[in-house]
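Observations on the three-dimensional arrangement
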Amino acid sequence: FVPEFTKFSGDLSPSMGIKFSDVPNGLGAFSVVPLAGWLQIVAFCGLIENTGFTFTQRKKIGFMLDASMTGEKAEPGNYGLG
């Protein structure tokens, strides 16, 4: 969705009475979204980074590792793509 033309319907924080339509675009969102909301976003990103979308086991993913998600070290520059 393009934030200039559309917004999600519903409440961002029902307990605080904040709707998605109340959140401005860009840096203005920092002052409107509650701290607990930002912490949830950071925690979810950390979970995805650590589990690699499997949620059952930790995988060694990241810089200079195979992009095929096998967990094996690939040759430098290949990243499992060719």
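So, here's what we can say about the structure. (Residues numbered from 1 in each chain as written. Predicted model: local features only at pLDDT ≥ 70, side-chain atom pairs only at ≥ 80, totals over all residues. Heavy atoms only, no water.)

1. Side note on helix 2 (residues 35-51)
Within an α-helix, residues lying three or four positions from one another point in the same direction, as the helix has 3.6 residues per turn. Here helix 2 contains 17 residues, and its C-alpha end-to-end distance of 24 Å stays within 8% of the 24 Å for a straight helix at 1.5 Å per residue. The complete set of buried residues in helix 2 reads G37, I48 and T51. Angular distribution of buried residues about the axis of helix 2 spans 85 degrees; they occupy a single face of the element. Away from the buried face of helix 2 by more than 90 degrees, exposed residues L35, L39, V42, A43 and E49 are located. Two residues or fewer past helix 2, F53 is found with a positive phi of approximately 70 degrees. (Helix = DSSP H or I, 4+ residues; strand = E, 2+ residues; numbered from the N terminus. Expected span 1.5 Å × (residues − 1). Buried < 20%, exposed > 50% of the residue type's maximum accessible area, 1.4 Å probe, protein only. Arc of directions from axis to C-beta.)

The quantities given are spatial measurements derived from coordinates; they are silent on function.
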